[in-house]
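Observations on chain architecture
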Amino acid sequence: MADSSIVTSGMARSILVDSSVYDSRMAETTKDHGFLGPAMDDAEDMLPRLETRIILVGEASRNDLLIQALKAVKVMEVLVVKIRGAESGPEEKLMIKSIVNMDINKPCLMTDSVQEFADGENAEFESVYVLASFDSPDYSYLYERDNRIVGPPVILHCAAKEEPLPFSCRPLYSTTMINLSLCFTGFRDKEEVKTLVNLVHHMGGTIRKDFSTKVTHLIAYSTHGEKYKLAVCMGTPILTPSWIRKAWDSRDYVSFQADDEKFRTDFKVPPFQDCVLSFLGFSEEDKANMEERTLKHGGTSLELGDERCTHMVVEENSVKELPFTPTKKLYVVKQEWFWGSIQMDARAGESMYFYEKDESPAMKKAESLLSLNTPNSNRKRRRLRDTLAQLTKQTEISPFPPPRKRPSAEHSMGSLLDISNTPDNCKTLAESSKPNKSSTPMLTKQSARWQVTKELHQTESNYVDILNTILKLFKIPLEKEGQVGGPILAQEEIKTIFGSIPDIYDVHRKIKADLEELLNDWSEDKSVGNIILKYSKEMLKTYPSFVNFFEMSKDTIVKCEKLKPRFHAFLKINQSKPECGRQTLVELLIRPVQRLPSVGLLLNDIKKHTSDDNPDKRTLERAIEALKEVMTHINEDKRKTEGQKQIFDVVYEVDGCPANLLSSHRSLVHRVETIALGDQPCDRGEQVTLFLFNDCLEIARKRHKVISTFKSPVGQTRPPAQLKHIMLMPLSQIRKVLDLQDTEECVNAFALVVHPPTEQENLLFSFQLTGEETVKSDWLRTLCRHVANTICRADSDDLIQRTSPEPLQVSTKDMDSTLSKASRAIKKTSKKVTRVFSFNKTPKRVIQRAFMANGTTEEMSPRLSAESRFASSSTLAARHSPSMVSLHSVFERKYHTFSRSTTHLI
C-alpha cells in the first residue's frame, strides 16, 4: 500500500487554512515538528508540473522600486503536501507537509483586475499577489478565495536580504514581527483583540491563547492575572496594545523590526497600571516622593481610607497598628513591594510582601520594656537585657569569652552595624548583675593588651560584615544577568561605584581569621603586629584605587539614583533590610576610607599596653610604620589623582584648550582672575583667567557668547565652556615678572616679559588682579618659584623686579567705566568689519565683481591699497598702545613696528 499523491497550491491551502496545528508562519511550524520525510523525493519529481508566478495588482504594478526589487527575488517557498495510505486501511492516512524552494522563472505579471488571475482552486500555478493596500476590494476578493497575498515590504525585504519569498497561509504585508509569538491578557473588547490579531498576522507574527515559554511578548491591558505574573517571572516583555498599532504604522520601513529594544521601551506596561495606592507611616517628604513616583509609573494615589484604593503601602518599621480593618479587595503591603515593583519595572506579587503585625507575647513584652519611662532603674535595665538576650538567641555567638569593657569604650557610640550586642554579651551582662563566683576570676585574668586586641578583632569582624553586606546586597545583585526589566546599571557604572571592594574584602577576611586564631590560643607573647605586617603590601595595592576615587563613586551613586528610578528603588529596598542598619550605600562605602586610621589608633593602644620586654613591642612599631606608609601612599596618590582631575576640569572649562595640556607629570598650582591691560595676549579690558601649572601657563579669556555644550562619553551633559583658549605658554618663555607699583592710575597690576620662539623680540603681557582672595605678592612669588624650577635656577626672587607702571604706559584707570566698555565694543565691531573687507580672506572673484562697477582691478587695487595703508598707519599713529612703549629703567628699546597685536621689546 505504497500508493501516494502530491497535492500543492490551492488544495493544500484550503486544507490547512483553518488548521489549529499551523500558525501564520507555516515554515516555522513545519521545521518545529519535523515534517520532512521520504515524500520529499517524490515531491521533487512532481515539482515541474507546478508553475510559479508573482502578480502585481493595482498601485503595486506602478511602483518602479518594487519592480526593480523583484528582479533580485529568484526563489519562493512553496507548500508541498503528500498523503500516504496506511497499511491498515484507506481510512487511516498520514499527511506529510513540507515547504520547498522553487525557482521563479517567469517575469512578474501586472494587472488592475484580479478576477482574471484569482483562481484559488487552480493547482497548476503557485501565484503570489502583491497588494499595496490590505484595505481594498481587491484584498477582500483575493482573501475570500484563499489566494496568497503579500505586501511590498515583503518583496523589498527578500530582495535586500537575498532570501526566498516566504510562505504564509495568511496574508503577509511585512516582516516586522517575523519570529515573534504574542499572547493577550486583560482585554474585554473582543473586536479590539480581533483587530490586533489581524495586524500581528499581517506583520508575520503568531498568536498563542495560553502563555508558555514560546511566547516572546505579552500584550496586557492590566497588571492582574496569571499570565502577567508568569511573564514577570520569566522576564517576558510586557507591552501595551499601542506597540502593535505603532509597529503597523511603521510597517513600510523595510529595515524596521518591532522587537527593537529602543522602540519597545516606549510601550512597556508601567508597574502600577490600574493600581490606586495609599501610604501609611511615612514622613511627608517620603510620602510626596512615593506619590510622585506612583504617578510616574502609571498609577494613582489617594488619601488613606479611600474605597477606590487597591493597595495600602505600610512603613513596617514605624506602624504598630493599622488605623482600620482593610477590606478583602485591599492589598496591605510593605514598602518593599512598592520599591521592588519599580526596580523590576513590573508589578511584584503581593503575596510575598503582605504586612503582618507581629503580635507574639515575647515581642509585646519587649515593646513594653523598651518603652519604660525610668531608664535609670537597675531592675528594669536588667529585665530589658534579659529580654533582649532571649529575643536574639539565633544571633551568632562570639567564639571567645568577652572581657569587661575598657572605661574608654563604655561611653562610645557604636555603629548601627556593630554586632557587639550579641547574645553572649547580653547574657554575660545579665549574669554579671548576679553574684557569680566563677565569672569574677575570668574577667580579672584578662589583661588590658588582650582587651584591646579583642576590640581590634571585634571591629575587624564588624568591618568584614559591612564589606560582605556591600557585596551581597548591592554589587552581586547589580551584576546578575537576566534581571527582570534588564540591567539596573551599566557595567562601567558598577565598576566605578564599587571599585576594589572585593579585593579589600579578601584582605580583611584573612586578617579577621588570623586575629580569631590568635585570640583562641592567646598568650601575652603572641604577636599582633605580625598580622598587620603580613598584609600591609596587599593593603597598599587595594586601598589607594578605592579611596582616591571615592568621591567619583559617591557622585555616580547620586547621579544614577536621580536619573534611574529602578536604581533608586533598588537602594530603598536594601536600605530597609536589617543587614544595612537603615544606612545608605554611600554611608556604607565610606567605611573603607575610615578603617585604616581606626586600625592605627588600636595598634597604638595595644602598643601602649605591651611591656618593653615583649617581642611584639618592636613588631607593633614596625606595623604602625607600615600602616602609616600605606596611608601616606594613599594620600599622595589621592593628591596626584585630584591633580589630574583638576586638569580635566580645566580642559572642559576652556573651549579650544590644547590636548597636550593633559600630561601625567603636570599639575595645577594656582588659578587667578585678571583683566588684560594691554593689547597682548588679548584686547585691553578682557576678563582673563590664568591657570598656573608646574611647567606652563594656560591663558584664557571669558567667552563673549556661549554656543554649545559638552557631552561626555558616558552620556553626562556638562555645562557650556565659559572660557576661550588664548595660548598655552611654557614657563621657560617668561624672562621677567614685573611687580608694578600701586599709583593713582594703576592698582594691583603686574606684567610678564615673555619671549616666544616665533618672535624675534620680547613681548609684554600686563594684567590687573581681580578679587580679594588673591594676594599679589604671594601670587608673584609662586609664579617665579615655578618659573625658576622650570629653567633650573635657584634664585627665583631675582626673577621679580619691582618697577613703576608709567614708563610701561600701563594703567588701570577707567577700566570699568561706561566709556571704556563702549570703546571695547567699538573695537570688537571694527575688527569684525576689518575681517569682512580683508583681501587675504575674501575670495578673489568677489573682489573682482565689486571693482567692476567703478573700474578694472588694475586701476583700483593700487589706489585702494595706498588708501588702506594710509588709513591704517594714521590710525595707529594717533593711538598709544601700552604694548609698544619704552622700558627706560628695565630694557632699551631698539625699534617697534605699527602692529595692533604685537609688542616688540628687547
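Scroll up for the structure.
Read on for a plain summary of the structure. (Residues numbered from 1 in each chain as written. Predicted model: local features only at pLDDT ≥ 70, side-chain atom pairs only at ≥ 80, totals over all residues. Heavy atoms only, no water.)

**Examining the overall build of the protein chain**
For the protein chain, the helix and strand inventory stands at 31 helices and 26 strands. The buried share among the 906 residues of the protein chain stands at 44%. In the protein chain, of all internal contacts separated by at least 6 residues, the share reaching a separation of at least 24 is 68%. For the protein chain, the accessible surface area stands at approximately 49600 Å², while carbon and sulfur atoms represent 51% of it. (Helix = DSSP H or I, 4+ residues; strand = E, 2+ residues; numbered from the N terminus. Buried < 20%, exposed > 50% of the residue type's maximum accessible area, 1.4 Å probe, protein only. Contact = heavy atoms within 4.5 Å. Areas by Shrake-Rupley, 256 points an atom, 1.4 Å probe, with all protein chains shown as cover.)

**Quick look at the pattern of salt bridges**
Evaluated as defined, the whole model comprises 31 salt bridges. The partner of Arg449 in a salt bridge is Asp616, and the shortest N-O contact between them spans 2.9 Å. Of this pair, Arg449 sits in helix α18 (residues 448–479) while Asp616 sits in helix α27 (residues 616–653), placing them 167 residues apart in sequence. (Salt bridge = Lys/Arg side-chain N within 4 Å of Asp/Glu carboxyl O.)

**Focus on the pairing of strand β2 (residues 51–57)**
Remark: a regular strand shows side chains that alternate across the two faces of the sheet. Burial of β2 is extensive: six of the seven residues sit out of reach of the surface. Sheet topology note: the β2/strand β6 (residues 125–130) ladder contains six bridges and is parallel. From the neighbouring strand, Arg53 faces β6, where its bridge partner is Ser127. Relative to strand β5 (residues 109–111), β2 runs parallel, the two being bridged by three bridges. Across the sheet, the residue bridging to Ile55 is Leu109, located in β5. (Pairing = 2+ DSSP bridges.)

**What to know about the environment of Pro323**
In this fold, Pro323 is placed in the loop between β14 (311–314) and β15 (331–334). Sequence-wise, Pro323 and Gly305 are 18 residues apart; in three dimensions their C-alpha atoms are separated by 8.9 Å.

**Concerning the packing of aromatic side chains**
Counting across every chain of the model gives 19 aromatic pairs. Judged by centre distance (5.0 Å) and plane angle (90°), the ring pair of Phe134 and Tyr173 falls under edge-to-face. Remark: Tyr173 occurs in the loop between α6 (152–161) and β8 (181–185) and Phe134 occurs in the loop between β6 and α5 (137–144); sequence separation between them is 39 residues. With a centroid separation of 4.9 Å and an interplanar angle of 90°, the aromatic rings of Phe256 and Phe263 are classed as edge-to-face. Relative accessible area serves as the criterion here: at 15%, Phe256 is assigned to the buried category. With relative accessibility at 14%, the residue Phe263 sits in the buried group. In this arrangement the basic side chain of Arg251 is found over the ring face of Tyr173, its NZ or CZ atom lying 5.2 Å from the centre. Stacked on the ring of Trp248, the Lys or Arg Arg251 has its end atom at 4.1 Å from the ring centre. (Phe/Tyr/Trp six-rings, centres within 6.5 Å; stacked < 30°, edge-to-face > 60°. Lys NZ or Arg CZ within 6 Å of the ring centre and 35° of its normal.)

**Digging into unusual backbone geometry**
Residue Gln680 is joined to Pro681 through a cis peptide bond whose omega torsion reads -5°. The topology assignment puts Pro681 in the loop between β17 (668–676) and β18 (687–693). Even without being glycine, Asp274 reaches a positive phi, approximately 55°. Examined against the element boundaries, Asp274 turns out to sit in the loop between α10 (261–265) and β12 (276–280). Despite not being glycine, Asn748 has its phi angle at roughly 55°, a positive value. Mapped onto the secondary structure, Asn748 falls in the loop between β23 (734–740) and β24 (749–754).

**Focus on helix α8 (residues 226–234)**
Taken residue by residue, α8 has Tyr228, Ala231 and Val232 as its buried positions. End-on view of α8: buried residues confined to an arc of 100°, all on one side of the axis. Exposed residues pointing more than 90 degrees away from the buried face of α8 are listed as Glu226 and Cys233. Contacts from the buried residues of α8 go to β10 (217–220), β11 (238–239) and α12 (335–344). (Arc of directions from axis to C-beta.)

**Here we look at the sheet that holds β8**
Strand order in this open sheet of four strands is β9-β8-β10-β11, and the pairing throughout is parallel. The open sheet has two edge strands with one neighbour each: β9 (206–207) and β11. In terms of strand pairing, β10 meets β11 through two bridges, oriented parallel. Residue Ile219 lies in a different strand from β11, and its bridge partner there is Leu239.

**Observations regarding α12**
With eight of ten residues buried, α12 lies mostly within the body of the structure. What α12 keeps buried is the set Gln335, Trp337, Phe338, Trp339, Gly340, Ser341, Ile342 and Gln343. Structurally, α12 contributes buried residues whose contacts are with β12, α11 (284–296), β14, β15 and α24 (565–575).

**Some points on the environment of Gln343**
Structurally, Gln343 can be placed in helix α12. When the C-alpha atoms of Gln343 and Phe570 are compared, they prove to be 5.7 Å apart, with 227 residues separating the residues in sequence.

**A few points about the environment of Ile96**
Residue placement: Ile96 occurs in strand β4 (residues 89–103). Between the C-alpha atoms of Ile96 and Val80, which are 16 residues apart in sequence, the distance is 8.3 Å.

**Regarding the nonpolar core**
The biggest cluster of nonpolar side chains holds 55 residues, and the ones touching the most others in it are Phe474, Phe567, Leu589 and Leu603. Non-local contacts of Leu603, meaning those with residues more than four positions away in its chain, are made with Leu456, Val528, Ile532, Leu620, Ala623, Ile624 and Leu627. With 32 residues, the next largest nonpolar core counts Leu142, Phe187, Val197 and Val200 among its residues. (Core = buried A, V, L, I, M, F, W, Y, C linked by side-chain atoms within 4.5 Å.)

**Section: the sheet that holds β14**
One key point about sheets: their strands pair by backbone hydrogen bonds, in either a parallel or an antiparallel sense. Taken together, four strands build an open sheet; the order of strands is β13-β12-β14-β15 and the sheet is parallel. The strands lining the two open edges of the sheet, one partner per strand, are β13 (300–301) and β15. As defined by bridge partners, β14 adjoins β15 across four bridges and the pair is classed as parallel. Within the sheet, the bridge partner assigned to Met312 lies in β15 and is Val332. Across the sheet, α11 is in contact with β12, β13 and β14; its angle to β12 comes to roughly 170°. (Axes fitted to C-alpha atoms, helices over the stretch in contact; angles between N-to-C directions.)

**What about the side chain of His786?**
As for its position among the elements, His786 is in helix α28 (residues 776–790). Residue class for His786 comes out buried when judged on its relative accessible area of 12%. At 3.0 Å, the side chain of His786 and the backbone oxygen of Thr782 are in polar contact. Apart from residues lying up to four places away in sequence, His786 is in contact with Val669, Asn694 and Leu731. (Polar contact = N/O pair within 3.5 Å; in protein donor to acceptor, adjacent residues only side chain to side chain.)

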